[in-house]
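# Observations on the three-dimensional arrangement
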Amino acid sequence: MSENAIYWLWLQRALGEGARFKEILEDFKGIKEFYNANILEWRMSPALVPKQINKLEEISLNDVEHIIYTCEQNGWQIIDYDDKNYPERLREIPNPPAVLFVEGDFAEIDDSVVIGVVGTRRASEYAVQVTELLCRGISESGAVVVSGGALGVDSAAHRGAILCGGKTIAVLGCGFGTSYLMGNKNLRDSIKQNGALITEFPPFTGATKYTFPLRNRIISGLSLGVLVVEASVKSGSLITARCAAEQNRDIYAVPCSILSPEFAGTNKLIEDGAMVVTKPADLLSPYAERFHIDLSKVKSVDKLMHETVDISANFKDNKADKLSFENLENGRSKREKREKAALSLSGNTKIVYEALTESLQHIDVITEKCSLPVSSVMGALTALEIADLAVSASGKRYKLS
């Protein structure tokens, strides 16, 4: 945290996360000088509109001091735009975050190959294993994996890096101290030990549909390239790919079945010029000379698959059978039938159904996502189980059938 952290916090609270402050500060020597300028000087700036000036006047340093205190009490770092530890690649984007809140360590990130990995939360078995293998492969060669800390592809990306002792960073779409996706708490704890959790949202800021698109620009901004593993044409992962393109980052995609709508977005990226990835070396080769990577030592997918069987109990079953085209499509068919049956749902039952995923979630997580009383959620889950749209497990956990 630099000596100017309080001024950057003030600017962020006044203008909001994602604001383009570079143009605003062009006529001033720095953030402190901007804060100390009078309202006439602000009005003379062509980059500020009246609504922003009003907010700058309304917010005081006292309004943000509690943020610094909260972070100090919880051991959360504040890295502002003037901090020497602020990532240089992130400075390059048009709207970098004024402040980052950090739990863990992401020092020397600018000296590493950093690959952002994104994809659907409702990932197929194929996408999960491909993500994990690719991330293991690049992490073993020193690359840092950046993703969003969510279920599905994100979790597989972080897990792949952690399995081989590599570094990984989760960029969150909420503030620290919230209970969003508590089902992923164990993974996030591991990420902190092997890298960092970061967010631009102040402590206790909840996740909303507006926070995730803002989060996505940071994932791509930290990265040299972004890999999209599985995405439909309406997937939020394509927002990250679009951010990457606007930031002049490389875009990669994993090919798959042209018959599956869940991969239509990914295949469209390839059609539009994204680089095809079928092995870890594909992600590393554009940066090998710059970062002194010996591509001959990067493991093949086949070797990684055999090693995964040895080191992870989760992969002791026959993955080849699960990932066959026939079984992949059978899984798709089951999902399509389930979603067709769900079209008749309404009210609380529909809300709860839409909160479920293909991974088990505790009842508390589902209740928070739905913003409904526990009794209403339990009633809806019972109805969904009777309709064969949901299944339960021990510990009050539920998932899609």
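Preceding this paragraph is the structure being described.
This report concerns the structure included in the present document.

## Describing the environment of Val-113
Residue placement: Val-113 occurs in the loop between β2 (99–104) and β3 (114–118). Once the C-alpha coordinates of Val-113 and Pro-286 are considered, the two residues, 173 residues apart in sequence, prove to be 10.0 Å apart. The residues touching Val-113, leaving out its near neighbours within four places in the chain, are Ala-143, Val-144, Leu-224, Leu-284, Tyr-287, Phe-291 and Ile-293.

## Remarks on the packing of aromatic side chains
In this description, an aromatic ring pair is defined by two values, namely the gap between the centres and the angle between the planes. For the coordinates displayed, the defined rule picks out 12 aromatic pairs. Geometrically, the ring pair formed by Phe-21 and Tyr-81 is edge-to-face, given 5.2 Å between the ring centres and 85° between the ring planes. In this pair, Phe-21 sits in the loop between α1 (5–15) and α2 (22–25) while Tyr-81 sits in the loop between β1 (77–80) and α7 (88–91), placing the two residues 60 residues apart along the sequence. For the residue pair Phe-21 and Tyr-81, the accessibility class agrees, reading buried in each case. Linked through ring pairs, Tyr-7, Trp-10, Phe-28, Phe-34, Tyr-35 and Trp-42 together constitute an aromatic cluster. For Arg-91, the ring lying beneath its charged end belongs to Tyr-81, and the centroid distance is 4.8 Å. Looking at Arg-121, its charged tip hangs above the ring of Phe-212, at a distance of 5.2 Å from the centre.

## Digging into the nonpolar core
Ranked by size, the top nonpolar core spans 70 residues in total, and within it Trp-8, Leu-11, Phe-34, Trp-42, Leu-56, Phe-106 and Ile-198 carry the most contacts. With 8 residues, the single largest contributor to this core is α1. Ignoring sequence-local partners within four residues, the contact set of Trp-42 consists of Trp-10, Phe-28, Phe-34, Tyr-35, Ala-37, Leu-48, Ile-53, Leu-56 and Glu-57. Formed by 32 residues, the second largest nonpolar core is a distinct cluster that contains Val-117, Val-153, Ala-157 and Leu-224.

## Some thoughts on the environment of Thr-131
Within the secondary structure, Thr-131 is located in helix α8 (residues 125–139). Residues in contact with Thr-131, not counting those within four places in the same chain, are Val-117, Val-153, Ala-156, Ala-157 and Val-229.

## Regarding the packing of α1 against helix α5 (residues 50–58)
One can describe the packing of α1 onto α5 by two numbers: an axis separation of 8 Å at closest approach and a directional angle of 130°. Classed by the angle they form, the pair α1 and α5 counts as oblique. Note that α1 runs across α5; the crossing there is right-handed. Contacts from Trp-10, Leu-11, Ala-14 and Leu-15 in α1 reach Gln-52, Lys-55 and Leu-56 in α5.

Reading the values: rules and limits
Residues numbered from 1 in each chain as written. Predicted model: local features only at pLDDT ≥ 70, side-chain atom pairs only at ≥ 80, totals over all residues. Heavy atoms only, no water. Helix = DSSP H or I, 4+ residues; strand = E, 2+ residues; numbered from the N terminus. Contact = heavy atoms within 4.5 Å. Phe/Tyr/Trp six-rings, centres within 6.5 Å; stacked < 30°, edge-to-face > 60°. Buried < 20%, exposed > 50% of the residue type's maximum accessible area, 1.4 Å probe, protein only. Lys NZ or Arg CZ within 6 Å of the ring centre and 35° of its normal. Core = buried A, V, L, I, M, F, W, Y, C linked by side-chain atoms within 4.5 Å. Axes fitted to C-alpha atoms, helices over the stretch in contact; angles between N-to-C directions. Parallel < 35°, antiparallel > 145°, perpendicular 65-115°, else oblique. Left-handed = near helix turned anticlockwise from the far one by under 90°.

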